[in-house]
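A structural walkthrough
Chain by chain, the residues run as shown.
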Amino acid sequence: IKTYQPTDATTNPSLILAAAKMPQYKQLVDSTVSSSATLEEAMDRLFVAFGLEILKVVPGRVSTEVDARLSFDKDAQVAKARRLIKLYADAGIAKERVLIKLSSTWEGIQAAKLLEAEGIHCNLTLMFSMPQAIACAEAKVTLISPFVGRITDWYGKKLGVSSFDRESEPGVRFVRGVYNYYKKFGYKTEIMGASFRNTMQILELAGCDLLTISPALLEQLRVLSAEVPRRLCSERASQDCPDSAARSLNEAEFRWQLNEDEMATDKLAEGIRRFAADAATLEKQIEAALVAKSSA
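Computed from a predicted model, the values in this text were never measured in an experiment. (Residues numbered from 1 in each chain as written. Predicted model: local features only at pLDDT ≥ 70, side-chain atom pairs only at ≥ 80, totals over all residues. Heavy atoms only, no water.)

1. Topic: the overall build of the protein
Regarding its fold elements, the protein presents 13 helices and 7 strands. Taking 19 Å as the expected radius of gyration for a compact globule of 296 residues, we find that the protein reaches 19 Å, a close match to that expectation. Taken along the three principal axes of its C-alpha coordinates, the protein extends 65 × 50 × 40 Å. In the protein, which comprises 296 residues, the share counted as buried stands at 49%. Counted over contacts in the protein with a minimum sequence separation of 6, partners at least 24 positions apart contribute 68%. Working note: accessible area of the protein is about 14300 Å², and carbon and sulfur atoms make up 52% of it. (Helix = DSSP H or I, 4+ residues; strand = E, 2+ residues; numbered from the N terminus. Rg over C-alpha atoms; globule rule 2.2 N^0.38 Å. Buried < 20%, exposed > 50% of the residue type's maximum accessible area, 1.4 Å probe, protein only. Contact = heavy atoms within 4.5 Å. Areas by Shrake-Rupley, 256 points an atom, 1.4 Å probe, with all protein chains shown as cover.)

Set out below in structure tokens:
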């Protein structure tokens, strides 16, 4: 983060799990465990502890993810989000510098709608389809994270192809469509392209509100010498968006349209399972540390 100086940064259970295993963060993990009485408290404090470290070096916001195992429980997600925001507040961090990451399930989106009304800003992740994007915009969430690479991975496997050209790249086309829809109809929700596999995907979305990019791809971009043309532009959104009117979805319509999108259904479920598995693995590591502390 210090090297590439991004405006914001994000975390998820997989990233926290990887970081918690690194020797340089042992003291942070040990400190979190020593100040926690229960496993749930330790997990919450650990996620916030990493967020606090990030906020020391980014001028903007950090995204902290709610446990993916709560993805289908609106009330539990709301309660967890409030808890995380309180931990940040106790550490002197205003809620304006934190985005609560929630899965883009119907329950996650409704949780975000309630939280946004309280002034707690949300980042809706595991975003793969227009129904999800439309519901998020209608809920007035702060930010969405459409997963470019995972969309393209699915279609590549489905079609038996290893790559796509610029015009047919599925993940890029999806984000472009959401961008044009939001700008045409005046939605304030920010779009942050995520889950990139290569620099072509990134460059094709130049002009997007935000992009979250791994260090490896940031390094590849850093050494590029060619000028980067703007690909997305709000002034062209009206002519590039085929919709004649904005759409609104109730729960039944959302669930049906998501169900009809095989790719989005597959990737949403898979993403929740993966994040949940990594959270469970991290829990075992922290639980072992708690047991060791209590027996010391």
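From this point, the narrative continues.
2. What about the packing of helix H5 (residues 106-117) against helix H12 (residues 251-260)?
Between two packed helices, what matters for the description is the angle formed by their axes and the separation of those axes. Two numbers describe how H5 lies on H12: the axes approach to 11 Å, and their chain directions differ by 135°. In this view, H5 runs oblique relative to H12, as classed from their interaxial angle. Where H5 abuts H12, its residues Trp106, Glu107 and Ile109 lie against Glu251, Phe254 and Arg255. Looking at the contact of H5 with H12, its residues break down into 3 nonpolar, no polar and 3 charged. (Axes fitted to C-alpha atoms, helices over the stretch in contact; angles between N-to-C directions. Parallel < 35°, antiparallel > 145°, perpendicular 65-115°, else oblique. Nonpolar A, V, L, I, M, F, W, Y, C, P; charged D, E, K, R; others polar.)

3. Details of the layout of surface pockets
When its volume is computed, the largest pocket comes out at roughly 1600 Å³. Lining the largest pocket are 48 residues, and of these Ala9, Thr10, Leu15, Ile213 and Pro215 sit closest to its centre. Among the elements of the structure, strand S1 (9-10), helix H1 (13-20), helix H3 (39-55), strand S3 (98-103), strand S4 (122-127), strand S5 (143-146), strand S7 (210-211) and helix H10 (215-222) are those that each provide at least two residues to the lining of the largest pocket. When residues of the lining of the largest pocket are assigned to their parent elements, the largest contribution, 5 residues, is made by H1. In the lining of the largest pocket, the residues fall into 27 nonpolar, 13 polar and 8 charged. For the second largest pocket, the calculated volume is near 340 Å³. Around the second largest pocket sit 19 residues that line it, and Met130, Pro170, Arg173, Phe174 and Gly177 are the ones nearest its centre. (1 Å grid on protein atoms, 1.4 Å probe; cavity = no way out; pocket = protein on both sides within 12 Å on 5 of 7 lines; lining within 4 Å. Points joined across faces, edges and corners; volume = space filled by probe spheres on them.)

4. So, the pairing of strand S2 (residues 62-65)
Remark: a regular strand shows side chains that alternate across the two faces of the sheet. On S2, burial covers both faces: Val62 and Thr64 on one face and Ser63 and Glu65 on the other are all buried. Where S1 and S2 come together, 2 bridges link them in parallel fashion. Bridge assignment links threonine 10 to a residue of S2, and that residue is serine 63. Bridging between S2 and S3 involves 4 bridges; their strand directions are parallel. Bridge pairing in S3 places serine 63 opposite leucine 99. Running through helix H4 (residues 74-90), the crossover from S2 to the neighbouring parallel element S3 is right-handed. (Pairing = 2+ DSSP bridges. Right-handed = clockwise from strand over helix to strand, strands pointing away.)

5. Topic: the nonpolar core
Grouped together as the largest cluster of nonpolar side chains are 69 residues, with contacts concentrated most on Ile100, Leu102, Leu124, Ile144 and Tyr182. Take this core: its biggest share by element is 7 residues, from helix H8 (residues 170-184). Setting aside anything within four residues of it in sequence, one finds leucine 124 in contact with Leu102, Ser103, Ser104, Gly108, Ile109, Ala112, Cys136, Val141, Leu143, Ile144 and Ser145. Among the nonpolar cores identified, the runner-up in size contains 16 residues, and Val29, Ala42, Phe47 and Leu290 belong to it. (Core = buried A, V, L, I, M, F, W, Y, C linked by side-chain atoms within 4.5 Å.)

6. Structural notes on the packing of aromatic side chains
If you walk through the whole model with that rule in mind, you get 8 aromatic pairs. Taking the centre distance of 5.6 Å and the plane angle of 75° together, the rings of phenylalanine 128 and phenylalanine 147 count as edge-to-face. A residue pair is termed long-range when its members are at least 10 positions apart, and phenylalanine 128 in the loop between S4 and helix H6 (130-138) and phenylalanine 147 in the loop between S5 and helix H7 (148-159) qualify at 19 residues. In this structure phenylalanine 147 comes out as buried when scored by relative accessible area, which is 7%. Here the aromatic cluster, defined as three or more aromatic residues joined through ring pairs, consists of Tyr181, Tyr182, Phe185 and Tyr187. (Phe/Tyr/Trp six-rings, centres within 6.5 Å; stacked < 30°, edge-to-face > 60°.)

7. Some details on helix H2 (residues 26-34)
Leu28, Val29, Thr32 and Val33 are the residues of H2 that are buried. Along the axis of H2, the buried residues cluster in a sector spanning 130°; they form a single face. H2 presents Lys26, Gln27 and Ser34 as exposed residues on the side facing more than 90 degrees away from its buried surface. Of the surrounding secondary structure, the elements contacted by the buried residues of H2 are H1, H3 and helix H13 (262-295). (Arc of directions from axis to C-beta.)

8. A closer look at the sheet that holds S7
Taken in spatial order, the 7 strands make up an open sheet running S1-S2-S3-S4-S5-S6-S7, and their pairing is parallel. In this open sheet, the two strands that pair with only one neighbour each are S1 and S7. Where H3 meets the sheet, its contacts fall on S1 and S2, and the angle it forms with S2 comes to roughly 170°. Each of S4 and S5 is contacted by H6, which is oriented at about 170° to S4, the strand it contacts most.

No statement about biological role is implied by the geometric values presented.
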